[in-house]
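# Secondary and tertiary structure notes
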2 protein chains.
Amino acid sequence: MTDLPAPGRTRNAAATRQAILDAAHHRFAKEGYDGASLREIAAAAKVDAALVSRYFGSKEELFVEVLNCAPDSSDLFEGELGDFGTRVAAKILDDRDVDQGVEYLLIMLRSASSPAAAEPLRRSMRTHFHDPFAAYLGGPHADVRARLAGDLIMGVCMSQAISADHDLDEEGQANLRKRLALVLQAAVEP
Amino acid sequence: MTDLPAPGRTRNAAATRQAILDAAHHRFAKEGYDGASLREIAAAAKVDAALVSRYFGSKEELFVEVLNCAPDSSDLFEGELGDFGTRVAAKILDDRDVDQGVEYLLIMLRSASSPAAAEPLRRSMRTHFHDPFAAYLGGPHADVRARLAGDLIMGVCMSQAISADHDLDEEGQANLRKRLALVLQAAVEP
DNA sequence: CGCCCAAGTCAACGGTTGATGACTTTTACA
DNA sequence: TGTAAAAGTCATCAACCGTTGACTTGGGCG
């Protein structure tokens, strides 16, 4: 076992804390708040299970921390508003971009049923998604348009998450992309 | 306690089985597959916990049975296609109609994270929602349009489920209804 | 070098879950 | 009416959960 990342530093509180945070992020995205156990998270971070409770106090506090460290999804809100539909549709339907900003949405929809996770979720969804989204959109009823587009994005992401294999053929997939772009654009435009 | 439905029949296998089924339906819709425990379901059905496993074999088999007994959501698919947007938007946003067909959607989105529930969910979603929906729509790419509209409906329902209190004022709510109707209509029209 | 606190480990706790087998009670039929 | 099977009850199991406290190990600093 000579695969120490930093030779002279085996014990590093900040690094292990970050490792736990990253592992928790992925496990929460894949299993949801209830489904992801602290032991699983600890194993994924190659860390003793007790350390998780030790560092973050409780599972719920760890969840809040994960939500706070989430990216702003600001990559969705860059570019012209006229391109919004096609741009976001491509980003959503291209599966392998999940690790960027959409994985954050997965945490939400997979943890929506947990009562303990509901309140942190609601708060984080506002600050990290709806508010910057509405600010990006601007114009009249920006909050309503942001919410509607956000709901559509969420629904599509969820549908993808449920159906592991795409049950649409290639032409249908292309048509879905085109149509999603159209509807998304209709949702955000004043 | 003289409220026996049939005076001479206290023990009725079919009736208790149905009671368990109804209770499971409500608990799954409210708590999701993982969140709803067999003991909770049994208590809601006023039945011993052991009977649930006894009647349905396992929790997953009970879940499948609940999905099979779900309504076809066919109330969404009645009426003219030109009205679809406004009609469905009203049905979704009017909270107290949940018990009809939308509660079935809640089961889906609250149980999407459970690996055990994923496969039954996928199958039931096809037969009970997407396929009749696509048949109702007709026209070219009916499956794509059905899926897109279904995803939008799901996202909006989920957003409502997450935000317990509506964080939109009355005018915003009215605008959301109008705009949702518009976008929904755009999603389903050829 | 030797101390001492931070970092990490280990075992265990109370609680809940899904599931099972043995037991008691009721119903229906001969 | 007597009896056997159906319907319901009870206690319990093994597994997992989040969390906690006591213990061991490591490295920076005097």
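Presented here is a report on the structure given in the accompanying data block. (Residues numbered from 1 in each chain as written. Chains lettered and ligands numbered in written order. Predicted model: local features only at pLDDT ≥ 70, side-chain atom pairs only at ≥ 80, totals over all residues. Heavy atoms only, no water.)

Turning next to the relation of the copies chain A and chain B. Note on the copies: chain A fits chain B at an RMSD of 0.2 Å, the axial shift is 0.0 Å, and the rotation between them is 179 degrees. Here the copies are linked by what is in effect a two-fold axis. Both copies contact each other with a shared surface, as 100% of the interface residues of chain A are interface residues in chain B too. (Least-squares fit on C-alpha atoms with pLDDT ≥ 70 in both. Contact = heavy atoms within 4.5 Å.)

Before going further, it helps to examine the packing of helix α5 (residues 84-93) of chain A against helix α8 (residues 142-162) of chain A. Helix-helix packing: each pair is described by the crossing angle between the helix axes and the interaxial distance. All names here are of chain A. At a minimum axis distance of 10 Å, the contact between α5 and α8 shows a crossing angle of 25 degrees. In terms of orientation, α5 and α8 fall into the roughly parallel class. Considering only the axes of α5 and α8, their crossing is right-handed. Contacts between α5 and α8 involve V88, I92 and L93 from the former and I153, V156, C157 and Q160 from the latter. A breakdown of the residues in the contact of α5 with α8 according to their chemical character gives 6 nonpolar, 1 polar and no charged. (Axes fitted to C-alpha atoms, helices over the stretch in contact; angles between N-to-C directions. Helix = DSSP H or I, 4+ residues; strand = E, 2+ residues; numbered from the N terminus. Parallel < 35°, antiparallel > 145°, perpendicular 65-115°, else oblique. Left-handed = near helix turned anticlockwise from the far one by under 90°. Nonpolar A, V, L, I, M, F, W, Y, C, P; charged D, E, K, R; others polar.)

So, about the packing of aromatic side chains. All names here are of chain A. All told, the structure shown has 18 aromatic pairs over all chains when counted by the stated rule. Both rings, one in F84 and one in Y136, keep their centres 6.1 Å apart while their planes meet at 35 degrees; by these two values the pair is tilted. You can see F84 sitting in helix α5 and its partner Y136 sitting in helix α7 (residues 115-137), a full 52 residues away along the chain. On the basis of relative accessibility, which here comes to 1%, the residue F84 falls in the buried class. Relative to F133, the ring of F129 lies with its centre 5.6 Å away and its plane at 70 degrees, an arrangement referred to as edge-to-face. (Phe/Tyr/Trp six-rings, centres within 6.5 Å; stacked < 30°, edge-to-face > 60°. Buried < 20%, exposed > 50% of the residue type's maximum accessible area, 1.4 Å probe, protein only.)

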